[in-house]
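What the coordinates show
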Amino acid sequence: MLQTTFTETDKKQLLNLNIFGLGLVIYYVGYLLSMLIEGSSLYTFVQLAGLIVMLFKISDLLFFKFENAYLKVVFIIYFFWLMLTILRAGSSITNYYFIRSFFLDAQYGGIPYFVPLILLFRKNIRFYKKLFDLIFIFAVLYILFDIRFLSQLLNDERSNTQSQGVVEMLSELSFPIGFTLFTFYYHSRKKQLLAVLTILLAILFAIIRARRGLIFMYSTVFLFSYLFFIFNSKRKMWPIYLTGLVTILAIFYISTAYKIEKNPILGYALERGTENTREAVELYFYDDMKTNDWIIGRGYNGEYFCPSVDENQVTNYRPYIETGYLQSILKGGLVSVVLFLLIAIPALFKGIFLSKNILSKAAGVWILMALINLYPAAVTKFSLQYLLVWISIGICYSEKIRNMPEKELKELFKNQLKIN
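First things first, this report covers the structure right here in the doc. (Residues numbered from 1 in each chain as written. Predicted model: local features only at pLDDT ≥ 70, side-chain atom pairs only at ≥ 80, totals over all residues. Heavy atoms only, no water.)

Once that is clear, we can look at the packing of helix α1 (residues 11-36) against helix α2 (residues 42-55). Where α1 meets α2, the axes come as close as 7 Å, and the angle between the chain directions of the two elements is 160 degrees. Of the possible angle classes, the one that applies to α1 and α2 is roughly antiparallel. Crossing angle aside, the handedness with which α1 passes α2 is left-handed. Here Ile 19, Phe 20, Leu 22, Gly 23, Leu 24, Ile 26, Tyr 27, Gly 30, Tyr 31, Leu 33 and Ser 34 of α1 lie close against α2, whose contacting residues are Tyr 43, Thr 44, Val 46, Gln 47, Gly 50, Leu 51, Val 53 and Met 54. Of the residues assigned to the contact of α1 with α2, the class counts are 13 nonpolar, six polar and no charged. (Axes fitted to C-alpha atoms, helices over the stretch in contact; angles between N-to-C directions. Helix = DSSP H or I, 4+ residues; strand = E, 2+ residues; numbered from the N terminus. Parallel < 35°, antiparallel > 145°, perpendicular 65-115°, else oblique. Left-handed = near helix turned anticlockwise from the far one by under 90°. Contact = heavy atoms within 4.5 Å. Nonpolar A, V, L, I, M, F, W, Y, C, P; charged D, E, K, R; others polar.)

Formed by 113 residues in total, the largest nonpolar core has its most connected members in Leu 170, Leu 173, Phe 182, Ile 343, Leu 359, Trp 390 and Ile 393. Setting aside chain neighbours within four positions, we find Phe 182 in contact with Val 221, Phe 224, Ser 225, Phe 228, Ile 358, Ala 362, Val 365, Trp 366 and Met 369. Met 289, Cys 306, Ile 321 and Leu 330 belong to the second largest nonpolar core, which has 10 residues in total. (Core = buried A, V, L, I, M, F, W, Y, C linked by side-chain atoms within 4.5 Å. Buried < 20%, exposed > 50% of the residue type's maximum accessible area, 1.4 Å probe, protein only.)

Following the criterion strictly, the structure yields four cavities of 30 Å³ or more and no others. Taken as a whole, the largest cavity holds about 330 Å³ of empty space. Around the largest cavity sit 22 residues that line it, and Leu 82, Tyr 113, Gln 327, Ser 328 and Thr 380 are the ones nearest its centre. Among the elements of the structure, α3 (69-87) and α15 (324-353) are those that each provide at least two residues to the lining of the largest cavity. For the lining of the largest cavity, the element with the highest residue contribution is α15, accounting for nine residues. Within the lining of the largest cavity, the residues separate by chemical class into 11 nonpolar, nine polar and two charged. (1 Å grid on protein atoms, 1.4 Å probe; cavity = no way out; pocket = protein on both sides within 12 Å on 5 of 7 lines; lining within 4 Å. Points joined across faces, edges and corners; volume = space filled by probe spheres on them.)

Bringing the packing of aromatic side chains into the picture now. In total, this model carries 39 aromatic pairs according to the counting rule given. An angle of 75 degrees between the planes, with centres 5.9 Å apart, marks the rings of Phe 75 and Trp 390 as edge-to-face. Highlighted residues: Phe 75 in helix α3 and Trp 390 in helix α17 (residues 384-397), separated in sequence by 315 residues. Like Trp 390, Phe 75 is buried. An aromatic cluster of at least three residues, connected via ring pairs, comprises Phe 66, Phe 75, Tyr 78, Phe 79, Phe 98, Phe 102, Phe 103, Tyr 113, Phe 114, Tyr 300, Phe 340 and Trp 390. Stacked on the ring of Phe 149, the Lys or Arg Arg 148 has its end atom at 4.5 Å from the ring centre. Across the ring face of Tyr 185, the terminal group of Lys 410 is positioned such that the distance to the ring centre comes to 5.2 Å. (Phe/Tyr/Trp six-rings, centres within 6.5 Å; stacked < 30°, edge-to-face > 60°. Lys NZ or Arg CZ within 6 Å of the ring centre and 35° of its normal.)

Here is the structure:
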């Protein structure tokens, strides 16, 4: 089969993209509901149905051809290592609970290991249009979930872990909207407003529940979005006005900082900001990991000794750690981390510094953010955010996409393309 051009899409690919997107939405809605609502197995079946739909004819979306020889070699080695990490689980692979967790645990299960395969999807304008549509669907779902779980999001109990968990789980729906903020000029005014509303709501709830990692991540999105706006705005006075506004707000914030502990919302965030809740877990991790573990990890079922940390902890061993880099090391060792960096770092440099359009630069920045966020969060999970990382890697390694003139790319996103 001949590779389609960037501006051509056949009906079969369009249908398969729609099926994949539908399955992803169903899977993630089922996953969130199963995690946020106790006592119902129905949502597990919804999640499973989404997985089946998503995998339906997915092989037709994959195109085993690389535009970059370096990427081909490192990617094959990296993916082989991921599969080997899974196989190191041994005989437990046939266990029912292993299989259930493997397919249904979007954060620490086995599906995240296959996310890099989206790099092999055919790259054309219709694929990226469908991607943006999916991001906006997730944003609408985020607002609907906010309404459904509003009481938990606004819970007055500061130490309510359920409320904090709701904020973190729903961030999986809202965070990808940052990519549309980077590519602001490709979207209609209504979609731009939806993106801004989504990110503001996400920041608000993160502050209310004092989720430090999320506050940092959303602030990073806002900062890069602002920089994209400054460098790409045709109305050159607007960046000046906005810069002045941000400066005034910063001065106001600093001048009232000594009173912040009295604020019922920001005071809790400040109080949480002075706590170091992760140090004990990381110290247990460092103490338990041996040299060999650091190099090749402990495999898919890898655990580390960490007593008396989680509520209602069944054993003294944890199979996960909240720090993304350490989680990768726990399972696949430094080998896994280094291979990923060997793919990601050249990609972000190509996207940011060796490109002619916003799409490629946004992809480079998205990869950069993923590398930064791997400390405060577990980025490498089955989420649209992580899918975007590998889609961005594909964009950055594509010389054809990086060299497309900005004017031409904007026209392609705004116009409806003919489907052959």
